[in-house]
Amino acid sequence: MAWDGKVPVLLIGGGMISQDVIIPTLFQEQDRGVVGEVSIASRRASTLSKVRELFPDYTFRGYPDPDTTDPEASFPDSYRAALDDLDPHGVVMVATPDHLHTEMILAAIERGHHVVVQKPLCLKVSDVYTILTAAENKGIYVYTDYHKRHDRAIRAAQRYYRQGHLGEMLHGHAWIEERREMPLDIFSLWAEESSPFEYIGVHYADAYYFITGLKPKRVWGYGQKKFLPTQGQDAYDAVQGVIEWADGSVLWVQTSWVCAEANSALTNQGMQLSGTQGEYWADHKDRKLHFVTQDKGFEHFNPNFFKHYDPWDGEGTEYVGYGYDSVMQGVHDARRILRETEGMDADRALQARRDMLAEFAKSRPLPQQAVVGTAIAEAVRLSIDHNNRAVAFDELLYPVLA
């Protein structure tokens with residue numbers, strides 16, 4: 001039977017980012033005829049039951065099946081069965097803890113599926129090249145969802161820089177911090193495997209690269225463990241990365257995930273850049289819009305990331321924002337590849353995919369670009385583990401102690 005042009009999607013991971021952003025995006029695009037059947041693989045059936053409660057008007061294939069499975073039994077390999085059942089035109093989305101990305105991406109590539117993965121691509125530069133080699137061999141699209149690239153506040157900085165209005169970069173400061181509910185509640189099972197730098201700080205490391213095109217030269221990392229150890233978590237409260245870039249400019253990235261629960265938004269975030277001809281200042285938390293309500297109190301409202309609005313026509317909800325845009329860029333690219341190679345013999349299709357991937361790699365966070373964020377995150381961790389020593393990079397961006 002001919003393919004109908006709708007992309008079946010397998011989402012691996014049903015946690016916070018999936019429930020808040022990815023799943024509503026997929027169901028919206030299902031209504032619009034872009035996405036076909038949705039499958040969701042999670043470690044526990046209870047997660048899938050929660051998704052059903054949140055989206056009662058939609059159906060999906062669950063792995064494990066929440067109707068027949070102990071809700072709290074653990075099935076870490078449920079995604080493998082889901083991959084085996086996925087239609088050949090299916091796209092895989094990986095939204096699991098960072099240290100699990102590599103094995104899931106490689107399993108998808110092995111079965112010939114294009115991949116959209118939440119940032120960072122992975123935690124080791126060696127894994128980036130393993131993924132890149134596997135993807136190139138099969139002509140598979142692997143896109144890292146660095147959604148800050150789609151924030152118009154970041155895109156504006158890129159355009160100003162490219163047009164020369166900022167001159168040469170001198171230095172910058174980026175901050176991104178989240179409430180303590182993240183490591184203590186939402187990510188309590190794997191917070192010790194990560195840090196606020198790997199989880200969120202890497203957004204701004206990638207953003208500087210996206211804006212300037214510069215590669216990192218040296219990194220110094222610092223980390224503090226003060227509050228979380230008192231709560232039974234051997235995890236970093238805060239991590240800072242000082243990044244020297246190829247042109248000698250320096251970016252300081254400040255991260256934490258122990259902000260007070262009363263914070264007026266989940267995330268404090270912003271960026272400041274100084275160049276020889278201009279400056280850039282942006283508070284990415286305070287978009288000059290807030291609500292004060294009886295039930296929610298005071299809240300900063302960011303209308304740009306991912307928000308729900310009444311549609312122009314009909315009833316229901318419309319989801320818009322740069323979180324949506326970033327997810328769908330990956331889906332649209334993969335769909336284009338599938339469409340343009342449909343009906344080709346294997347050899348022609350492989351060459352056509354490789355040609356399209358080479359073009360996409362110029363402007364998308366495919367592994368050739370995503371390696372920068374991974375390299376910086378690995379270097380920050382290496383520096384912290386060696387008493388804040390400087391870490392340099394070889395020609396392939398492997399971190400090495402300086």
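Residues numbered from 1 in each chain as written. Predicted model: local features only at pLDDT ≥ 70, side-chain atom pairs only at ≥ 80, totals over all residues. Heavy atoms only, no water.

Visitor: What is the right way to look at the sheet that holds strand 9 (residues 238-245) in this model?
Guide: What holds strands together in a sheet is hydrogen bonding between their backbones, with the strands either parallel or antiparallel. Spatial strand order, 12-11-7-10-9-8-17-18: 8 strands in an open sheet with mixed pairing. A strand with exactly one partner marks an edge of an open sheet, and here the two such strands are strand 12 (279-283) and strand 18 (399-401). In this sheet, adjacent strand axes meet at a mean angle of 15° when their direction is disregarded. Note that strand 17 (residues 391-393) and strand 18 share 3 bridges and pair antiparallel. Bridging from a neighbouring strand, Ala392 pairs with Val400 of strand 18. On the sheet, helix 8 (residues 196-212) packs against strand 7 (169-179), strand 9, strand 10 (250-259) and strand 11 (267-275) and is oriented at approximately 155° with respect to strand 10. Seen against the sheet, helix 11 (residues 367-385) touches strand 8 (216-224), strand 9, strand 17 and strand 18 and runs at an angle of roughly 50° to strand 8. (Pairing = 2+ DSSP bridges. Helix = DSSP H or I, 4+ residues; strand = E, 2+ residues; numbered from the N terminus. Axes fitted to C-alpha atoms, helices over the stretch in contact; angles between N-to-C directions. Contact = heavy atoms within 4.5 Å.)

Visitor: Hey, could you run me through the packing of helix 6 (residues 152-162) against helix 8 in this one?
Guide: Helix-helix packing is described using two parameters, namely the angle between the two axes and the distance between the axes. The interhelical angle for the contact between helix 6 and helix 8, taken along N-to-C directions, is 35°, at an axis separation of 8 Å. Contacts between helix 6 and helix 8 involve Ile154, Arg155, Ala157, Gln158 and Tyr161 from the first element and Tyr204, Ala207, Phe210, Ile211 and Thr212 from the second. Of the residues contributing to the contact of helix 6 with helix 8, the split by class is 7 nonpolar, 2 polar and 1 charged. (Nonpolar A, V, L, I, M, F, W, Y, C, P; charged D, E, K, R; others polar.)

Visitor: Honestly, the sheet that holds strand 1 (residues 7-12) in this entry has me stumped. Any pointers?
Guide: If you walk across this open sheet you meet the 6 strands as 3-2-1-4-5-6, and the pairing is parallel. In this open sheet, the two edge strands, each paired with only one partner strand, are strand 3 (61-63) and strand 6 (142-145). Each strand axis lies, on average, 20° off the axis of its neighbour in the sheet, ignoring direction. Pairing analysis gives 4 bridges linking strand 5 (residues 114-118) to strand 6, with the strands arranged parallel. Looking at strand 6, one finds that Val116 is bridged to Tyr143.

Visitor: Where do I start with unusual backbone geometry in this structure?
Guide: In terms of backbone geometry, most residues other than glycine have negative phi values and most peptide bonds are trans. Looking along the chain, the bond that leaves Tyr63 and enters Pro64 is cis, with omega of 0°. As for its placement among the helices and strands, Pro64 is situated in the loop between strand 3 and helix 3 (78-85). The omega torsion of the bond from Lys119 to Pro120 falls at -15°, within 30 degrees of zero and hence cis. Within the chain, Lys288 stands out as a residue other than glycine whose phi angle is a positive 65°. With respect to the helices and strands, the residue Lys288 is situated in the loop between strand 12 and strand 13 (290-293). The exposure class assigned to Lys288 is exposed, which follows from its relative accessible area of 72%. (Buried < 20%, exposed > 50% of the residue type's maximum accessible area, 1.4 Å probe, protein only.)

Visitor: Can you walk me through empty space enclosed by the protein in this structure?
Guide: Gaps left between atoms are located by rolling a probe of water-molecule size over the structure's atoms. All told, the structure shown has 2 cavities of 30 Å³ or more when counted by the stated rule. If you trace the largest cavity, you find it lined by Ser195, Phe197, Glu198, Tyr236, Val239, Ala377, Val380, Arg381 and Ile384. Of all the elements in the fold, those that place two or more residues in the lining of the largest cavity are helix 8 and helix 11. The element best represented in the lining of the largest cavity is helix 11, accounting for 4 residues. Within the lining of the largest cavity, the residues separate by chemical class into 6 nonpolar, 1 polar and 2 charged. Taken as a whole, the second largest cavity spans an internal volume of roughly 30 Å³. Around the second largest cavity sit Ile17, Val21, Gln118, Asp145, His147, Phe305, Gly323 and Val327, which together line it. Breaking the lining of the second largest cavity down by element, the ones donating at least two residues are helix 1 (16-31) and helix 9 (322-341). Split into classes, the residues belonging to the lining of the second largest cavity amount to 4 nonpolar, 3 polar and 1 charged. (1 Å grid on protein atoms, 1.4 Å probe; cavity = no way out; pocket = protein on both sides within 12 Å on 5 of 7 lines; lining within 4 Å. Points joined across faces, edges and corners; volume = space filled by probe spheres on them.)

Visitor: Would you mind showing me how to read the pattern of salt bridges here?
Guide: Side chains that differ in sign of charge can pair as their charged atoms come close. What the rule picks out here adds up to 21 salt bridges. Here Arg381 makes a salt bridge to Glu198, at a shortest N to O gap of 3.1 Å. Linking Arg381 in helix 11 with Glu198 in helix 8, this pair joins segments that are 183 residues apart in sequence. Among the residues examined, Arg381 registers a relative accessible area of 22% and is labelled partly exposed. Overlapping salt bridges bring together Glu29, Arg32 and Glu318 as one network. (Salt bridge = Lys/Arg side-chain N within 4 Å of Asp/Glu carboxyl O.)

Visitor: Honestly, the pairing of strand 5 in this entry has me stumped. Any pointers?
Guide: Successive residues of a regular strand alternate their side chains across the two faces of the sheet. Along strand 5, 5 of the 5 residues are buried, which leaves the element largely enclosed by surrounding structure. Here strand 5 shows a buried face lined by His114, Val116 and Gln118 and a second buried face lined by Val115 and Val117. As paired elements, strand 4 (residues 91-94) and strand 5 share 4 bridges and run parallel to each other. Bridge assignment links Val94 to a residue of strand 5, and that residue is Val117. Remark: the strand 4/helix 4 (residues 101-110)/strand 5 crossover connection has right-handed handedness. (Right-handed = clockwise from strand over helix to strand, strands pointing away.)

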